[in-house]
Amino acid sequence: MSTTNKDPSKPETIQDIAFKLAEEQLQQLQLDNGPRERTVFILGSKNVGKTTAINSFFDREETPRPTLALDYSYARKTAAVQKQICHIWELGSLDRQLAEVPLRSQGVENLSCIIMVDLSQPQRLWCDLKESYEILRNYCDKLMVSKGDDDVSEREDKMRQRVKKDHVDLATLNVMPFPVIIVGGKYDLYIGFEPEIKKHICRCLRSMAHLMGGGLLFYSNKLQKLAKTLRDTISHLAFGSPSHPFRSHNTDYNDALSIWYGNDTWDNISSMGVQTLQSIESNINEEIPQDFSSLQQEQKHQDPAKDPGFRESVIDEMRAQKDEELRLLVKNSTQKMLRGKFESVK
């Protein structure tokens, strides 16, 4: 029943008012329960298992191919009254320009990030972690400059809530304006490392996660328990469920670390006290010298046409034919130019 055709001269009855309120509430419910969208951005070391983790989240059983640039997937979930959509982006190599795409796609309010680093390569772990951190931090700094004081204050308040407002270290942290979880991949290969190496790696990762107000998780697709925890974590960031994906809290460097937001302190991490980005880098580099050359090499332009993982016989033959045509064209053009020069000299 609608009240729109009712005679305006007649007073509204209680029934009319009830219907009107019901219509307004229904309209508001439709607005509130429209599709809710979130973005999960996954970046970090190459060949660490980012694609495998995403495939596991989607229950895909396909063999992953190397991600050269930027991959996109999306997931949908329909609750009782609301549709939820999650945009999942994977950055193949640590390219700052490409990273802008997912970071700007849905706004920082709906963004979560996962930084995956390779535990099996301690000599470049910091290189990939620092580059990933700086990609996110540079974007955040630009964002804060462009926002008004009220927006910045509200965002900072949400950041403090994630870590816990009464956290003893809050004043010393440089909290990201969105949830960030560091994932140490290939834990199955890391298990056999010397305890001293493990201790330095764990101290570095715990310090960085704590500094940015993030979480920390060790992962291997070969260990079902750890694989499930990461799958649940992606689901939590995408749809809010399960509400507590980290089923345990573990800070023992001889075991798989699992530390949720705000559940670590500088005193628990080491006897060194408060850490900064510079001191964390200095400490890990002193104990495990870092190789930045491999990261710099990866960041150079990569041509998919020359990558054996992307071979397509028909396309490759056509490409070879066009390359040969181009070579002959350039050769003929060069010869004509030379002839022209000789003729002009005569």
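The structure we're discussing is the one just above.
Figured I'd write up the structure that's included with this text. Note on numbering: residues in each chain are counted from 1, in written sequence order. Per-residue local features of the predicted model are confined to residues with pLDDT of at least 70, and side-chain atom pairs are confined, for both listing and counting, to 80 or more; whole-chain, interface and lining totals are unaffected and use all residues. To get the side-chain values, all heavy atoms of the structure are used, and hydrogens and water are removed first.

This part is about the sheet that holds strand S6 (residues 215-218). Backbone-to-backbone hydrogen bonds join strands into a sheet, with any given pair of strands oriented parallel or antiparallel. A pair of strands is treated as paired once DSSP finds two or more bridges between them. Segments assigned H or I by DSSP are reported as helices when at least four residues long, segments assigned E as strands when at least two residues long, and all are numbered from the N terminus. As summarised here, the arrangement of the seven strands in space is S2-S3-S1-S4-S5-S6-S7, forming an open sheet in which the pairing is mixed. Strands at the two margins of the open sheet, each flanked by one partner only, are strand S2 (70-78) and strand S7 (258-259). Bridge count between strand S1 (residues 36-44) and strand S4 (residues 111-118): six bridges; the pairing is parallel. By the bridge assignment, Leu-43 is partnered in S4 with Ile-115.

Each residue's exposure class comes from its accessible area (1.4 Å probe, protein chains only) as a fraction of the maximum for that residue type: buried when under 20%, exposed when over 50%, partly exposed otherwise. In terms of burial, strand S3 (residues 83-91) is largely enclosed, as eight of its nine residues are buried. Sheet topology note: the S1/S3 ladder contains seven bridges and is parallel. Opposite Glu-37, over in S3, you have Ile-85 as the bridge partner. Across nine bridges, S2 lies against S3 in antiparallel orientation. Paired with Ser-73 across the bridge in S3 is Ile-88.

As a further point, take the packing of helix H7 (residues 195-211) against helix H10 (residues 277-287). Every axis corresponds to a line fitted to the C-alpha atoms, with the helix fit spanning only the stretch in contact, and the corresponding angles, defined between N-to-C directions, vary from 0 to 180 degrees. Contact geometry of H7 with H10 gives a least axis separation of 10 Å together with a crossing angle of 170 degrees. Overall, the two elements H7 and H10 adopt an arrangement that is roughly antiparallel. Side by side, H7 and H10 meet where His-200, Arg-203, Cys-204, Ser-207, Met-208 and Leu-211 of the first sit next to Leu-277, Ile-280, Asn-283, Ile-284 and Glu-287 of the second. Classifying every residue of the contact of H7 with H10 gives six nonpolar, three polar and two charged. For classification purposes, angles smaller than 35 degrees are called roughly parallel, those larger than 145 roughly antiparallel, those between 65 and 115 roughly perpendicular, and all remaining angles oblique. Note on contacts: a residue pair qualifies if any of its non-hydrogen atoms lie within 4.5 Å across the two residues. For this classification, the nonpolar set comprises Ala, Val, Leu, Ile, Met, Phe, Trp, Tyr, Cys and Pro, the charged set comprises Asp, Glu, Lys and Arg, and every other residue, Gly included, is treated as polar.

As a further point, take the pattern of salt bridges. Counted as salt bridges are all cases of a side-chain nitrogen of Lys or Arg within 4 Å of a carboxyl oxygen of Asp or Glu. Under the defined criterion, the tally for this structure stands at 14 salt bridges. The partner of Glu-100 in a salt bridge is Arg-104, and the shortest N-O contact between them spans 2.7 Å. Here Glu-100 pairs with Arg-104, and both are found in helix H3 (residues 96-105), just four residues apart, close to one helical turn. Where salt bridges share partners, they join Arg-96, Glu-131 and Glu-134 into one cluster.

Phe-41, Leu-136, Leu-205, Met-208 and Phe-218 are the most contacted members of the largest nonpolar core, which has 53 residues in total. Among the elements that take part in this core, helix H4 (residues 122-146) stands out by supplying nine residues, more than any other. Those residues within four positions of Leu-136 in sequence are excluded, and the remaining contacts are Phe-41, Leu-43, Leu-103, Cys-113, Ile-115, Met-176, Phe-178 and Val-180. Among the nonpolar cores identified, the runner-up in size contains 24 residues, and Phe-57, Ile-88, Ile-234 and Ala-238 belong to it. Here, the term nonpolar core denotes a set of buried Ala, Val, Leu, Ile, Met, Phe, Trp, Tyr and Cys residues that are joined through side-chain atoms within 4.5 Å.

Take the packing of aromatic side chains next. The criterion for an aromatic pair is that two Phe, Tyr or Trp rings (for Trp, the six-membered ring) have centres within 6.5 Å, with stacked assigned to planes under 30 degrees apart, edge-to-face to planes over 60 apart and tilted to the rest. Counted under the stated rule, the structure contains nine aromatic pairs. With centroids separated by 4.8 Å and ring planes inclined at 50 degrees, the aromatic side chains of Tyr-72 and Trp-89 adopt a geometry described as tilted. Taken together, the residues Tyr-72 in strand S2 and Trp-89 in strand S3 connect sequence positions 17 residues apart. Overall, Trp-89 belongs to the buried group, its relative accessible area being 15%. A cation over a ring is seen here: Arg-60 above Phe-58, with NZ or CZ 4.4 Å from the ring centre. Counted as over-ring charges are cases with an Arg CZ or a Lys NZ within 6 Å of the ring centre that also lie within 35 degrees of the ring normal.

Here we come to a nonpolar patch on the surface. Residues forming no salt bridge and having over 30% relative accessible area are the ones grouped into patches, like charges within 9 Å of each other and nonpolar side chains (Val, Leu, Ile, Met, Phe, Trp, Tyr) within 5 Å. We get accessible surface area from the Shrake-Rupley algorithm with a probe of 1.4 Å; when it comes to residues, only the shown protein chains can shield them. Together, Val-314, Ile-315 and Met-318 line one region of the surface with nonpolar side chains, adding up to about 320 Å² of accessible area. Relative to the helices and strands, Val-314 is located in helix H12 (residues 313-345). Since its relative accessible area comes to 57%, Val-314 is described here as exposed.

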